[in-house]
Amino acid sequence: MIITIDGPASAGKGTLAKKLAEKYLMAYFDTGMVYRAVGLELVLSEKDIYNTADAKNIAENLTFQKMMSLSSHPDFRSDIGGRAASVVAAIPEVRNALLKMQQDFALNPVFADGSQASGVIYDGRDTGTVVCPHADLKLFVTASSEVRAERRYKEFQEKGIVKTYEEVLSQIKERDERDEKRSAAPLKPAEDAIILDTSNYTAQQVFEKVCKIIDSL
Ligand code: DC
């Protein structure tokens, strides 16, 4: 089985995907990692994140192992990594170069220890529209920008990162704008996606809702 979960930043896709993967013994692919890996490598090699040729070259040479190794860098998940990822993700050549690696994961889905999984849960922006248009279930998980900013702001507070709510909201809006307005695979629900607005639900309520959908397939 293949499930795709797309939606804007901080909508709760990752939390939902991980819980579903655990319950249904499926492998999980957070596809934002491929763009974060390319963006971070540009930053670490002190290259311009807007340089298409450099970004394409890094994307073409990215391997799964390289991506996993970059993922332990402190800036992989930071604002620096997130911003660089969102810039390179708007470059069509970068997206093309990274497509096969994402699609190949579904051919032989395995867990980190090499054991076989019963399927894959993809999490990203275009996994239902471009990466896996033939998925068995496509979800588009969203929430208002204010609710997403509030969630992200709380996460920062818990981690001791000092930021105002207004700063977080403005970063979320900037990221949405770039993800939605880019010409290459803009963020939008697949025509056959189920849209879940999580603004008024807890993560547990969303999880239970989706389990019911999966169990009825
Ligand atoms: O989900 P994330 O914050 O890790 O994603 C980082 C960036 O990568 C984000 O700006 C959108 C982009 N992205 C994308 O364009 N397509 C995907 N399938 C996943 C992420």
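First, a word on scope: everything that follows refers to the structure included in this document.

Digging into the sheet that holds strand E3 (residues 120-124)
Ordered by their spatial adjacency, five strands build an open sheet running E2-E3-E1-E4-E5, and the pairing between neighbours is parallel. Sheet topology places strand E2 (27-30) and strand E5 (194-197) at the edges, where each strand pairs with a single neighbour. Direction aside, the axes of adjacent strands within the sheet are offset by 20 degrees on average.

Focus: the packing of aromatic side chains
Tallying each qualifying case throughout the model produces five aromatic pairs. Here Phe-29 and Phe-105 contribute two aromatic rings whose centre-to-centre distance is 5.0 Å and whose plane-to-plane angle is 70 degrees, an arrangement assigned as edge-to-face. In this pair, Phe-29 sits in strand E2 while Phe-105 sits in the loop between helix H6 (92-104) and E3, placing the two residues 76 residues apart along the sequence. Classification of Phe-105 as buried rests on a relative accessible area of 14%. Within the aromatic cluster, the residues linked to one another by ring pairs are Phe-29, Phe-64, Phe-105 and Tyr-122. Over the ring of Phe-156 we find Lys-163, and its NZ or CZ is 5.4 Å from the ring centre. Sitting above the plane of the Tyr-201 ring, Lys-209 keeps its charged end 4.6 Å from the centroid.

Brief notes about the environment of Arg-77
Structurally, Arg-77 can be placed in the loop between helix H4 (64-70) and helix H5 (79-88). Sequence-wise, Arg-77 and Arg-36 are 41 residues apart; in three dimensions their C-alpha atoms are separated by 7.8 Å.

Structural notes on the side chain of Thr-127
Considering the arrangement of structural elements, one finds Thr-127 in helix H7 (residues 127-131). Given a relative accessible area of 0%, Thr-127 falls into the buried group. Looking at Thr-127, its side chain comes within polar contact range of the side chain of Asp-6, at 2.9 Å. The residues touching Thr-127, leaving out its near neighbours within four places in the chain, are Thr-4, Ile-5, Asp-6, Thr-31, Tyr-122, Cys-132 and Pro-133.

Looking at the site of the ligand
Inspection of the region around the ligand gives 14 residues, with Arg-36, Ser-86, Arg-95, Asp-126 and Arg-182 positioned closest. Arg-95 has a polar side-chain atom sitting 2.8 Å from an oxygen atom of the ligand. In the model, an oxygen atom of the ligand is placed 2.8 Å from a nitrogen or oxygen of the Arg-182 side chain. When the free accessible area of the ligand is taken as 450 Å², the share hidden by the protein chains comes to 96%. Among the elements of the structure, helix H2 (32-44), H5 and helix H9 (165-181) are those that each provide at least two residues to the shell around the ligand. Per element, the largest residue contribution to the shell around the ligand is three residues, and it comes from H2. When grouped by side-chain class, the residues that make up the shell around the ligand number three nonpolar, four polar and seven charged.

Scoring rules and cut-offs
Residues numbered from 1 in each chain as written. Predicted model: local features only at pLDDT ≥ 70, side-chain atom pairs only at ≥ 80, totals over all residues. Heavy atoms only, no water. Pairing = 2+ DSSP bridges. Helix = DSSP H or I, 4+ residues; strand = E, 2+ residues; numbered from the N terminus. Axes fitted to C-alpha atoms, helices over the stretch in contact; angles between N-to-C directions. Phe/Tyr/Trp six-rings, centres within 6.5 Å; stacked < 30°, edge-to-face > 60°. Buried < 20%, exposed > 50% of the residue type's maximum accessible area, 1.4 Å probe, protein only. Lys NZ or Arg CZ within 6 Å of the ring centre and 35° of its normal. Polar contact = N/O pair within 3.5 Å; in protein donor to acceptor, adjacent residues only side chain to side chain. Contact = heavy atoms within 4.5 Å. Near = heavy atom within 4 Å. Areas by Shrake-Rupley, 256 points an atom, 1.4 Å probe, with all protein chains shown as cover. Nonpolar A, V, L, I, M, F, W, Y, C, P; charged D, E, K, R; others polar.

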